[in-house]
Amino acid sequence: MVSRVISLDTFDFVAFGGTGDLARRKLLPALYQRDRAGQIVGDTRIIATARAHMTSEAYRDLARTAIETHVKAGEREADTLDRFLARLEFVSVDVTGETGWDDLGLLLKPGAERVRAFYLATSPDLFGVISAKLGAHGLITPETRVVIEKPVGKSLASAKVVNDAVGQVFEEHQIYRIDHYLGKETVQNLMALRFGNALFEPIWNAAHIDHVQLTVAESIGVEGRGGYYDTAGALRDMVQNHMLQLLCLVAMEPPSSLDADAVRDEKLKILKSLKPINESNVGTLTVRGQYEAGASAQGPVPGYLEEIGAKQSANETFVALKAEIANWRWAGTPFYLRSGKRLAQRVSEIVVAFRPIPHSIFDGSAGPIQPNQLVIRLQPDEGVKLQIMIKDPGPGGMRLRAVPLDMSFAESFSGRNPDAYERLVMDVVRGNPTLFMRRDEVEAAWTWVDPILNAWASTNMLPRSYRAGTWGPSAGVALIERDGRTWHEDGI
Ligand code: NAP
């Protein structure tokens with residue numbers, strides 16, 4: 001299958017935090033790939049800023065190393081890389097001060113028509129000040145957009161502070177709150193699957209779906225991000241944004257079109273329909289965990305406290321919860337969410353578990369009839385599997401067994417599977433916010449998450465320990481097994 005590349009009008013892309021981890025690992029490789037694909041053309045420029053002092057030449061060396069490290073050898077051609085590097089400029093700006101802004105202004109091409117994308121890959125407490133300075137220095141044109149990274153706040157109140165500060169300067173339609181999960185091919189495929197086929201939608205409801213599972217499991221620990229992570233935890237870091245967004249895409253009503261607001265209006269309705277979890281039910285509907293020393297595939301690994309260099313911490317590195325959506329479509333169909341670090345396997349997936357058949361015509365020798373499951377795998381090995389029952393081939397009577405109808409993207413499509421940032425960065429430039437979070441969505445997500453955090457604090461619900469390399473505390477398993485269900489295990 002040949003992918004279609006539509007080149008974009010020339011634009012200016014400015015990366016604040018251009019020397020940081022995100023810029024090196026994700027942004028520069030993504031922009032390089034889009035240049036290589038022919039989507040970035042003409043005198044498009046990429047301007048990086050940070051407090052560090054360096055020449056543009058030195059920055060191009062940094063970018064070359066980043067691309068050599070994070071782009072596969074077979075996807076790097078010397079002439080394409082040189083063409084890409086020639087687009088790069090560096091300006092030193094301490095965003096909390098006044099110097100550097102005029103230099104940045106001089107590098108930006110004039111013209112109201114030319115798109116300017118300001119990507120704020122800095123700590124979130126700088127989003128407000130950067131926005132204000134961009135406004136004060138007259139750098140915002142009608143075709144300017146600003147991209148803000150997660151986390152947007154640590155609570156509803158702090159999210160409002162960030163949104164207010166950025167919103168003082170930018171109109172809502174200019175603000176792109178990135179959630180890279182939404183840029184993943186499989187996540188978009190979820191919409192294709194639901195709304196591009198007549199097959200699923202009629203049974204996409206509580207009458208036919210028993211429950212839904214969402215798992216975002218990491219096998220790594222906090223990896224040097226302990227300072228940030230210990231003030232966040234799994235609920236804020238994964239559930240409030242990525243997992244609630246996935247839940248919305250599974251649960252939302254069909255939007256009237258793919259128009260950004262049509263999709264986001266439907267997602268918002270789901271967020272507002274989530275049943276509250278608070279002091280009265282937090283003990284039964286949520287589980288917190290924290291890893292202790294254990295083993296990964298590479299060998300023994302330390303516990304969380306040792307990794308962050310602390311004697312104690314009440315922060316959770318694992319969370320499991322049972323969410324319910326109070327509307328006609330989903331009443332009676334729970335959504336089980338779990339996410340954690342140092343779990344047995346790195347896997348992100350959505351499992352839609354259908355109800356059992358209403359009546360079996362087969363006798364006992366057919367074996368157990370397993371309910372159908374649709375497994376949407378986000379990582380690794382993006383793909384979709386539908387588990388169905390078939391007759392075991394050959395003689396021996398009518399024996400049934402479960403087999404997956406398997407669509408692995410790596411095998412089905414010969415082309416490269418682009419990284420989520422490639423898609424999202426280009427969407428920013430072309431002005432398509434469908435896969436970005438609107439202010440009211442972010443705030444509705446916090447409105448649901450805040451009472452869970454508060455209830456954990458007020459009931460002193462501390463994390464239970466689990467061994468690194470396992471699937472989390474046993475209470476996480478009990479959360480779903482109590483309801484007569486089990487977490488999906490790989491290899492259906
Ligand atoms: P990082 O590695 O610490 O980089 C921060 C960048 O900001 C550096 O380029 C730094 O350069 C610059 N900076 C810091 N203070 C500045 C100031 N006062 N003025 C101008 N520039 C300043 O951070 P990161 O990991 O790339 O993360 C960036 C953002 O992305 C954060 O919001 C983070 O939560 C989010 N994010 C990151 C990841 C990831 O995988 N890294 C994933 C999801 C979200 P100087 O020190 O030279 O100024």
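Throughout this description, residue numbers start from 1 for each chain and increase along the sequence as written. The predicted nature of this model means local features are confined to residues of pLDDT at least 70 and side-chain atom pairs, given and counted, to a pLDDT of 80 or more, with totals for whole chains, interfaces and linings taken over all residues. Water and hydrogen atoms were dropped before computing side-chain values, which therefore reflect all heavy atoms in the structure.

## A look at the overall build of the protein chain
Consideration 1: A helix here means a DSSP run of H or I that spans at least four residues, while a strand means a run of E at least two residues long, and both kinds are numbered starting from the N terminus. When you go through the protein chain residue by residue, the secondary structure sums to 16 helices and 17 strands.
Consideration 2: Put simply, the radius of gyration uses C-alpha atoms, and a globule should come to 2.2 Å times the residue count raised to 0.38. Scaling as 2.2 N^0.38, a compact globule of 492 residues should have a C-alpha radius of gyration of about 23 Å, and the protein chain matches this with 24 Å.
Consideration 3: Taken along the three principal axes of its C-alpha coordinates, the protein chain extends 80 × 55 × 50 Å.
Consideration 4: Burial classification: accessible surface area is computed with a 1.4 Å probe over protein chains only, and a residue below 20% of its type maximum counts as buried, one above 50% as exposed, and the rest as partly exposed. Across the 492 residues in the protein chain, those meeting the buried criterion constitute 53%.
Consideration 5: Counted as positive: Lys and Arg. Counted as negative: Asp and Glu, with His and the chain ends omitted from the count. Working definition for charges: the position is that of NZ of Lys, CZ of Arg, CG of Asp or CD of Glu. Placing the 55 positive and 61 negative side-chain charges of the protein chain at their respective mean positions leaves the two points 3 Å apart.

## As for the nonpolar core
Consideration 1: With 145 residues, the main nonpolar core has Phe16, Tyr119, Phe335, Ile350 and Leu374 as its most contacted residues.
Consideration 2: Taken domain by domain, the makeup of this core includes at least three residues from each of domain 1 (11–149) and domain 2 (182–414 + 438–481).
Consideration 3: In this analysis, two residues are considered to be in contact whenever any of their non-hydrogen atoms come within 4.5 Å of each other. Among all residues touching Phe335, those that are not within four sequence positions of it are Val212, Leu214, Leu247, Val250, Ala251, Leu321, Lys322, Ala323, Ile325 and Trp330. Only buried Ala, Val, Leu, Ile, Met, Phe, Trp, Tyr and Cys residues count toward a nonpolar core, and they belong to the same one when joined by side-chain atoms within 4.5 Å. What fixes the domain bounds is an automatic or database domain assignment.

## Some remarks on the sheet that holds strand 4 (residues 115–120)
Consideration 1: Two strands pair under a simple rule: DSSP has to find at least two bridges between them. The strand order 3-2-1-4-5-6 describes an open sheet built from 6 strands, whose pairing is parallel. A single partner strand is all that each edge strand has here, and the edge strands are strand 3 (88–92) and strand 6 (175–177). Direction aside, neighbouring strands of the sheet carry axes that sit 20° apart on average.
Consideration 2: Across 5 bridges, the pairing between strand 2 (residues 45–50) and strand 3 is parallel. Residue pairing across strands places Ile46 opposite Leu88, the latter belonging to strand 3.
Consideration 3: Against the sheet, helix 5 (residues 127–136) touches strand 1 (11–16), strand 4 and strand 5 (144–148), its axis set at about 155° to strand 4. Between N-to-C directions, angles span 0 to 180 degrees; the directions come from axes that are lines fitted to C-alpha atoms, helices contributing only their stretch in contact.

## Describing empty space enclosed by the protein
Consideration 1: Here a cavity is any set of points on a 1 Å grid over the protein atoms alone where a 1.4 Å probe fits but cannot get out, and a pocket is any open set with protein on both sides within 12 Å along at least 5 of 7 lines; a residue lines the site when it has an atom within 4 Å of a point. Grid points are joined across faces, edges and corners, and a volume is the space filled by probe spheres set on the points. Throughout the structure, instances matching the rule amount to 4 cavities of 30 Å³ or more.
Consideration 2: Its volume calculated, the largest cavity comes out at about 60 Å³.
Consideration 3: Elements represented by at least two residues in the lining of the largest cavity include exactly helix 9 (234–251) and helix 15 (439–458).
Consideration 4: Residue composition of the lining of the largest cavity, grouped by class: 5 nonpolar, 3 polar and 1 charged. Residue classes follow a fixed rule: Ala, Val, Leu, Ile, Met, Phe, Trp, Tyr, Cys and Pro count as nonpolar, while Asp, Glu, Lys and Arg count as charged, and any other residue, Gly among them, counts as polar.

## Focus: the packing of aromatic side chains
Consideration 1: Between rings of Phe, Tyr and Trp, where Trp is taken as its six-membered ring, a pair exists when centres lie within 6.5 Å; planes separated by under 30 degrees are stacked, by over 60 edge-to-face, and by other angles tilted. Counted by the stated rule, this structure contains 13 aromatic pairs.
Consideration 2: With a centroid separation of 5.7 Å and an interplanar angle of 75°, the aromatic rings of Tyr291 and Tyr304 are classed as edge-to-face. Highlighted residues: Tyr291 in strand 8 (residues 286–292) and Tyr304 in helix 12 (residues 304–308), separated in sequence by 13 residues.
Consideration 3: Three or more aromatic residues link up through ring pairs in this structure, and these residues are Tyr229, Tyr291, Tyr304, Phe318 and Tyr466.
Consideration 4: Cation placement over rings: the criterion is NZ of Lys or CZ of Arg within 6 Å of the ring centroid and within 35° of the ring normal. The ring of Tyr181 has Lys184 lying over it, and the distance from NZ or CZ to the ring centre is 5.3 Å.
Consideration 5: If you follow Arg338 out to its NZ or CZ, it ends over the ring of Trp471, 4.8 Å from the centre.

## Some words on the domain arrangement of the protein chain
Consideration 1: Split by domain assignment, the protein chain resolves into domain 1 (11–149) and domain 2 (182–414 + 438–481).
Consideration 2: The C-alpha-based centres of domain 1 and domain 2 are spaced at 35 Å.

## Details of the site of the ligand
Consideration 1: Nearness is judged by heavy atoms alone; a residue qualifies as near a molecule or strand once a single heavy atom is within 4 Å of it. Around the ligand, the surrounding shell holds 20 residues, and the nearest of these are Thr19, Asp21, Arg25, Arg51 and Thr122.
Consideration 2: Between the ligand and Leu22 there is a distance of 2.8 Å, counted from an oxygen atom to a backbone nitrogen or oxygen.
Consideration 3: Any N or O atom pair separated by 3.5 Å or less is treated as a polar contact, with the protein-specific requirement of one donor-capable and one acceptor-capable atom, and with residues adjacent in sequence counted only for side-chain atom pairs. Between the ligand and Ala52 there is a distance of 3.0 Å, counted from an oxygen atom to a backbone nitrogen or oxygen.
Consideration 4: For the shell around the ligand, the element with the highest residue contribution is helix 1 (residues 21–36), accounting for 3 residues.
Consideration 5: Residues that form the shell around the ligand fall into these classes: 9 nonpolar, 5 polar and 6 charged.

## Comments concerning the side chain of Arg338
Consideration 1: With respect to the helices and strands, the residue Arg338 is situated in strand 12 (residues 335–340).
Consideration 2: One speaks of a salt bridge when a side-chain nitrogen belonging to Lys or Arg is within 4 Å of a carboxyl oxygen belonging to Asp or Glu. In this structure, Arg338 is buried with no salt-bridge partner, the nearest side chain bearing the opposite charge being Glu349 at 5.3 Å.
Consideration 3: Polar contacts involving the side chain of Arg338 include one to the side chain of Thr215, which spans 3.0 Å.
Consideration 4: Excluding anything up to four places from it in sequence, Arg338 contacts Leu214, Thr215, Val216, Met243, Phe318, Val319, Ala320, Trp471, Trp487 and His488.

## Overview of the packing of helix 1 against helix 14 (residues 420–430)
Consideration 1: Following both chains from N to C, one finds helix 1 and helix 14 inclined at 70°, their axes separated by 8 Å at the closest point. Looking at the two axes, helix 1 sits roughly perpendicular to helix 14. Between helix 1 and helix 14, the residues in contact are Leu22, Lys26, Leu27, Ala30, Leu31, Gln33 and Arg34 and Tyr421, Glu422, Val425 and Met426, respectively.
Consideration 2: Broken down by class, the residue content of the contact of helix 1 with helix 14 amounts to 7 nonpolar, 1 polar and 3 charged. Put simply, angles under 35 degrees are roughly parallel, angles over 145 are roughly antiparallel, angles from 65 to 115 are roughly perpendicular, and the rest are oblique.

## A short note on the packing of helix 7 (residues 185–195) against helix 9
Consideration 1: For the pair helix 7 and helix 9, the least separation of the axes is 10 Å and the interaxial angle reads 10°. Considering the angle they form, helix 7 stands roughly parallel to helix 9. The interaxial crossing formed by helix 7 with helix 9 has right-handed handedness. On the side of helix 7, the interface is formed by Val187, Leu190, Met191 and Arg194, while helix 9 contributes Leu246, Leu249, Val250 and Ala251. With the far helix as reference, a near helix turned anticlockwise by less than a right angle produces a left-handed crossing, and one turned clockwise produces a right-handed crossing.

## A few points about the environment of Pro254
Consideration 1: Inspection of the secondary structure puts Pro254 in the loop between helix 9 and helix 10 (260–273).
Consideration 2: Here the alpha-carbon distance between Pro254 and Thr459, two residues 205 residues apart in the chain, equals 39 Å.
Consideration 3: Setting aside anything within four residues of it in sequence, one finds Pro254 in contact with Phe195, Glu201, Glu266 and Arg329.

## What about helix 6 (residues 156–167)?
Consideration 1: Here the expected length of a helix is defined as 1.5 Å per residue gap, with one fewer gap than residues. For helix 6, which comprises 12 residues, the first-to-last C-alpha distance of 16 Å matches the rise-based estimate of 16 Å (1.5 Å per residue) to within 8%.
Consideration 2: All of the buried residues along helix 6 are Leu156, Ala159, Val162, Asn163 and Val166. The arc enclosing the buried residues of helix 6, seen along the axis, measures out at 125°, which places them on a common side. Of the residues in helix 6, the exposed ones pointing more than 90 degrees away from the buried face are Ala157 and Val161. Within this analysis, the arc is defined by the directions that extend from the helix axis to the C-beta atoms.

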